[in-house]
Amino acid sequence: MNTPVEGPAAEFLSAPLNPGKNLLYRVAAVIVRPIMFAIARRKWNGVDNIPDSGGIIVAANHASPIDPLMLAHYLYDADRPARILAKESLFRVPVLKIFMNRLNMIPVFRGTAKAAKSLEISGDLLDRGFCIAVFPEGTLTKDPDGWPMQARTGVARMALTTRKPVIPIGQWGQLDVLPRGAKFPKIFPRKTFYVAAGEPVDLSDLYDRDLNGQTLREATDRIMTAITELVAQQRGETAPATFFNPRA
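Residues numbered from 1 in each chain as written. Predicted model: local features only at pLDDT ≥ 70, side-chain atom pairs only at ≥ 80, totals over all residues. Heavy atoms only, no water.

Asker: Please provide a residue-by-residue account of the pattern of salt bridges, values included.
Answerer: This structure, assessed with the given rule, holds 13 salt bridges. For Asp79, the salt bridge is made with Lys21, and the minimal N-O distance between the two is 3.3 Å. Here Asp79, found in the loop between helix H2 (67-77) and strand S3 (82-87), pairs with Lys21, found in the segment before helix H1 (23-39); they are 58 residues apart in sequence, far enough to count as distant. Among the residues examined, Lys21 registers a relative accessible area of 18% and is labelled buried. Notably, a salt bridge pairs Lys117 with Glu120, separated by 3.8 Å at the nearest N-O pair. Here Lys117 pairs with Glu120, and both are found in helix H4 (residues 117-127), just 3 residues apart, close to one helical turn. (Salt bridge = Lys/Arg side-chain N within 4 Å of Asp/Glu carboxyl O. Helix = DSSP H or I, 4+ residues; strand = E, 2+ residues; numbered from the N terminus. Buried < 20%, exposed > 50% of the residue type's maximum accessible area, 1.4 Å probe, protein only.)

Asker: Residue-level account of H4, with values.
Answerer: For H4, the set of buried residues is Ser118, Ile121, Ser122, Gly123, Asp124, Leu125 and Leu126. On its buried face, H4 sits against strand S2 (56-60), S3, strand S4 (106-108), strand S5 (131-134) and helix H5 (154-162). Two residues or fewer after H4 comes Gly129, characterised by a positive phi angle close to 95 degrees. (Contact = heavy atoms within 4.5 Å.)

By themselves, these are just geometric observations and shouldn't be taken as functional.
Below, the structure is given as structure tokens:
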């Protein structure tokens, strides 16, 4: 059901808000899903861990440029179409901005006075029952073996501020199709995409703490640990004992 844009979202999103599959979302799915089917088989797991309704935060690892499509495909099949946080610069591309807006995607303002706006918009949409998808690492992992790296704390701030469920998702198989730095996908032979959702990450003991750096880091690491465990299950390997830190 479409609702008018009010509150924090009104400054940046002009299209009617609909937490479900609006018309443009369905049209995009008709175009994109057959392509995804052709590229790879699907191994979807843990769909039962995704609540049927209500605002939720979905947090996934980010190893390849194709990750947003994998995640969107998985959540579309789970009947929880995702609204993904995307770089604000994409909302200034003449044609793309129309699609981003009408799909109710969320601009991320980094390093500007508007940086807090992304959190406000996300909180507004979560209260309206949206599924908000984030890649906590903020960019493609720099771990040489493709494991999740140490993440930014934005997802923790969103989770602790809104107190909405955080659903961890581990993705694998994407590097077989589109490795980091590749210009074209590897279509043949047909690959397999592995995506699994885990149980909500328990952050309840952190809700009443001061929202300082230590609390945000602890919450972020809990979320990333849950994601990494799911990735390890999809890979059939043991994850590293610590997160790769690109700033070290």
